[in-house]
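# Breakdown of the fold
If you want the building blocks of each chain, they are given just below.
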Amino acid sequence: MKHIVKILSLMVVLVAFWISLLQLSIIPRIYTWLLPLYFIVSLGCYGLLMVGTGLMTFPICPHEASLLQKDIVEAKRFLGENGIDVD
């Protein structure tokens, strides 16, 4: 719940900032209207960066891999006993 409140408060701040830029005309309107698009694109780039970083630092667990291989062998044996060909 705290994470949702943090995201929503950040969105409110960004929208207020955007509206203030529109009202004050500090930045030309043609650029101000594109700010939400830039925000969405940068959010997508950030998401891709986080996914890529997570994939690059994915931990290798040899113990879990051996348990998974044992489960696969057991499942193949079980299905073979019940007449289902999995090979």
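First, a word on what this report is: a plain description of the structure on this page. (Residues numbered from 1 in each chain as written. Predicted model: local features only at pLDDT ≥ 70, side-chain atom pairs only at ≥ 80, totals over all residues. Heavy atoms only, no water.)

## Comments concerning a nonpolar patch on the surface
Together, I7, L10, M11, L14, F39, I40, L43, Y46, L49 and M50 make up an exposed nonpolar region whose accessible area comes to about 930 Å². Mapped onto the nonpolar patch, the elements with two or more residues apiece are helix 1 (2–24) and helix 3 (35–56). The element contributing the most residues to the nonpolar patch is helix 3, with 6 residues. Turning to its location among the elements, M11 is positioned in helix 1. (Patch = residues over 30% accessible without salt bridge, like charges linked within 9 Å, V, L, I, M, F, W, Y side chains within 5 Å. Areas by Shrake-Rupley, 256 points an atom, 1.4 Å probe, with all protein chains shown as cover. Salt bridge = Lys/Arg side-chain N within 4 Å of Asp/Glu carboxyl O. Helix = DSSP H or I, 4+ residues; strand = E, 2+ residues; numbered from the N terminus.)

## Section: the packing of aromatic side chains
Geometrically, a pair of aromatic rings is defined through the distance of the ring centres and the angle of the planes. Summed over all chains, the structure comprises 1 aromatic pair. For the pair W18 and W33, a centre-to-centre distance of 5.6 Å together with 85° between the ring planes defines the contact as edge-to-face. Highlighted residues: W18 in helix 1 and W33 in the loop between helix 2 (29–32) and helix 3, separated in sequence by 15 residues. For W18, a relative accessible area of 21% translates into the label partly exposed. (Phe/Tyr/Trp six-rings, centres within 6.5 Å; stacked < 30°, edge-to-face > 60°. Buried < 20%, exposed > 50% of the residue type's maximum accessible area, 1.4 Å probe, protein only.)

## A short note on the pattern of salt bridges
As enumerated under the stated definition, the model contains 1 salt bridge in all. The salt bridge involving E81 is made with R77; its shortest N-O contact spans 2.9 Å. With E81 and R77 both in helix 4 (residues 62–81), this residue pair falls 4 residues apart, about one helical turn. Since its relative accessible area comes to 55%, E81 is described here as exposed. Given a relative accessible area of 47%, R77 falls into the partly exposed group.

Purely geometric numbers; function is a separate question.
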